[in-house]
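Residue-level listing of the chains:
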Amino acid sequence: MKIAIIGTGNLGLSIAKGLIVNNAFTTLYLTKRKTEEIQEYEQHSKLKVTSDNREAVQHSDILIFAVQPTQMERILKEIKDDLHENHVLISTVTGFKIPAIEAIVGEEQFIVRSMPNTAIAVGKSMTCLCSNEKGKKRIAIAEAIFNRLGTSIIIPENKMQAATVICASGIAFWMRLIRATTQGAVQLGFDAKDAHELSMQTCLGAASLLIESGKHPEEEIDKVTTPRGCTIEGLNEMEHNGLSSSLIKGIQASFKKINTITTD
Ligand SMILES: NC(=O)C1=CN([C@@H]2O[C@H](COP(=O)(O)OP(=O)(O)OC[C@H]3O[C@@H](n4cnc5c(N)ncnc54)[C@H](OP(=O)(O)O)[C@@H]3O)[C@@H](O)[C@H]2O)C=CC1
Ligand SMILES: O=C(O)[C@@H]1CCC=N1
């Protein structure tokens, strides 16, 4: 696969790292204006760093756009004359809807919207995908890429904003929970390094248990909560202080915000 990442910032670089680790490309172009920030990646033999988006598009078949929403329209206009009918356009740009992309490049292009998260750098992204009508014929290419870099599901476009909150912003939400449980562990006497390790691995164990067993969280919680024991004591105290409510309200606030900051 000849891939170009147009806009190699936080997310674009995470995707690039995932592609490099998985050796998932024939050639890979990485573009940004300040190329010196990612110049080190040119040491890779099949990888080219450039500020020339048109050159990247001309030498690639799969175009992954990872620029800010305000930059997307200008960049699509810049490269549209270099598009051929087999290009697959994959946009990670928050809130930049398929009709807005089609309005610039035309309905006859294969267009996929993708919402990954930064865990893509370590092959663990939960990625949501949708496409335009034409793109349904090529969405399997996007699935193949993102399934090598984690897990993907196809959803309707009208759920992409919600998916952004749960999966993309969600990484930050879970990180904060890991930080909080680390702080708790330090207070119980572990040094910071051990506390961090205990917290991360326990989080990984909880998610892995649910993924591998397919069980509901409460079924697993029931196995841990000894009657009159310390787990239920801790859980109930957390709930009295609004743990679940706080997370649900945070998700709602994030969703409300995303619907105001997008370019729709
Ligand atoms: N961060 C995340 O976890 C996620 C982000 N997203 C979405 O992905 C998109 C990118 O996010 P993120 O990576 O955080 O943003 P960044 O600002 O980190 O990255 C955007 C990159 O685009 C580059 N850029 C800007 N203008 C151009 C141009 N004309 N040509 C080529 N490159 C250009 C910038 O580099 P330079 O200034 O050097 O050109 C910058 O590195 C956003 O739309 C975001 O909403 C989606 C899912 C998760
Ligand atoms: O915080 C944001 O607005 C972007 C969208 C998802 C992740 N980062």
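Keep in mind that this is a model prediction, so the values were computed, not measured. (Residues numbered from 1 in each chain as written. Chains lettered and ligands numbered in written order. Predicted model: local features only at pLDDT ≥ 70, side-chain atom pairs only at ≥ 80, totals over all residues. Heavy atoms only, no water.)

S.K.: What exactly am I supposed to notice about the overall build of the protein chain here?
M.R.: Looking only at helices and strands, the protein chain has 10 helices and eight strands in total. For the protein chain, the spread of C-alpha atoms along the principal axes amounts to about 70 × 40 × 30 Å. In the protein chain, which comprises 264 residues, the proportion classed as buried is 40%. With an accessible surface of roughly 15000 Å², the protein chain has 55% of that area assigned to carbon and sulfur atoms. (Helix = DSSP H or I, 4+ residues; strand = E, 2+ residues; numbered from the N terminus. Buried < 20%, exposed > 50% of the residue type's maximum accessible area, 1.4 Å probe, protein only. Areas by Shrake-Rupley, 256 points an atom, 1.4 Å probe, with all protein chains shown as cover.)

S.K.: Looking at this structure, I do not really get the site of ligand 1. What am I missing?
M.R.: In the vicinity of ligand 1 lie 24 residues, with Leu 11, Lys 32, Arg 33, Val 67 and Thr 94 positioned nearest. At 3.0 Å from an oxygen atom of ligand 1 is found a main-chain nitrogen or oxygen belonging to Asn 10. Contacts to ligand 1 include Thr 92, whose side-chain N or O atom sits 3.4 Å from an oxygen atom. Bound to the protein, ligand 1 loses 85% of the 880 Å² it would expose on its own. (Near = heavy atom within 4 Å. Polar contact = N/O pair within 3.5 Å; in protein donor to acceptor, adjacent residues only side chain to side chain.)

S.K.: Would you mind going over the UniProt feature "binding site: NADPH" (unreviewed entry) in the protein chain with me for this structure?
M.R.: Here, UniProt's "binding site: NADPH" (unreviewed entry) annotation points to Asn 53. Along the polypeptide, Asn 53 turns up in helix H2 (residues 53–58). In this structure Asn 53 comes out as buried when scored by relative accessible area, which is 10%. The contact partners of Asn 53, leaving out residues within four places of it in the chain, are Ile 6, Thr 31, Ile 75, Glu 78 and Ile 79. (UniProt positions renumbered as here; feature names shortened; annotations may be inferred. Contact = heavy atoms within 4.5 Å.)

S.K.: Teacher, can you tell me more about unusual backbone geometry here?
M.R.: Note on backbone geometry: most residues besides glycine have negative phi, and most peptide bonds are trans. Non-glycine residue Asn 23 carries a positive phi angle of around 50°. Here Asn 23 is to be found in the loop between helix H1 (10–21) and strand S2 (27–31). Although it is not a glycine, Arg 228 sits at a positive phi angle of roughly 60°. Relative to the helices and strands, Arg 228 resides in the loop between helix H8 (217–224) and helix H9 (230–240).

S.K.: What exactly am I supposed to notice about the state of the cysteines here?
M.R.: Throughout this description, disulfide means a covalent bond between two cysteine sulfur atoms. Inspection of every chain in the model, using the stated rule, returns zero disulfides. The cysteine Cys 128 is free of any disulfide, with Cys 167 supplying the nearest cysteine sulfur at 4.2 Å. Cys 167 supplies the cysteine sulfur nearest to Cys 203, a cysteine that is in no disulfide, at a spacing of 15 Å. Residue Cys 203 is classed as partly exposed on the basis of its relative accessible area of 27%. (Disulfide = S-S within 2.5 Å.)

S.K.: Where do I start with the UniProt feature "domain: Pyrroline-5-carboxylate reductase dimerisation" (unreviewed entry) in the protein chain in this structure?
M.R.: With numbering aligned to this structure, UniProt lists the feature "domain: Pyrroline-5-carboxylate reductase dimerisation" (unreviewed entry) at residues 157–258. Span residues 157–258 is 83% helix and 0% strand, its end C-alpha atoms 15 Å apart.

S.K.: Just to check I follow, could you spell out the sheet that holds strand S5 (residues 88–91) for this structure?
M.R.: Hydrogen bonding along the main chain pairs the strands of a sheet, whether they run parallel or antiparallel. Across the sheet, which stays open at both edges, the eight strands sit in the order S3-S2-S1-S4-S5-S6-S7-S8 with mixed pairing between neighbours. If you trace the sheet from one side to the other, it starts and ends with strand S3 (47–50) and strand S8 (150–154), each paired once. On average, adjacent strands in this sheet sit at an angle of 20° to one another, irrespective of strand direction. Pairing geometry for strand S6 (residues 110–115) and strand S7 (residues 125–131), over four bridges, is antiparallel. Residue pairing in the sheet places Arg 113 in a bridge with Cys 130 of S7. On top of the sheet, helix H4 (residues 98–105) reaches S5, S6 and S7; it is set at about 145° to S6, its chief contact. Packing against the sheet, helix H5 (residues 139–148) makes contact with strand S1 (2–6), strand S4 (62–65), S5, S6, S7 and S8, and its axis sits at approximately 150° to S8. (Pairing = 2+ DSSP bridges. Axes fitted to C-alpha atoms, helices over the stretch in contact; angles between N-to-C directions.)

S.K.: Got a minute to help me understand the packing of aromatic side chains in this structure?
M.R.: Centre distance and the angle of the planes are the two values used to describe a pair of aromatic rings. All told, the structure shown has zero aromatic pairs when counted by the stated rule. Seen from the ring of Phe 25, Lys 46 lies directly overhead, with NZ or CZ sitting 5.3 Å from the centre. Between the NZ or CZ atom of Lys 134 and the centre of the ring of Phe 110, over which it lies, the distance is 4.4 Å. (Phe/Tyr/Trp six-rings, centres within 6.5 Å; stacked < 30°, edge-to-face > 60°. Lys NZ or Arg CZ within 6 Å of the ring centre and 35° of its normal.)

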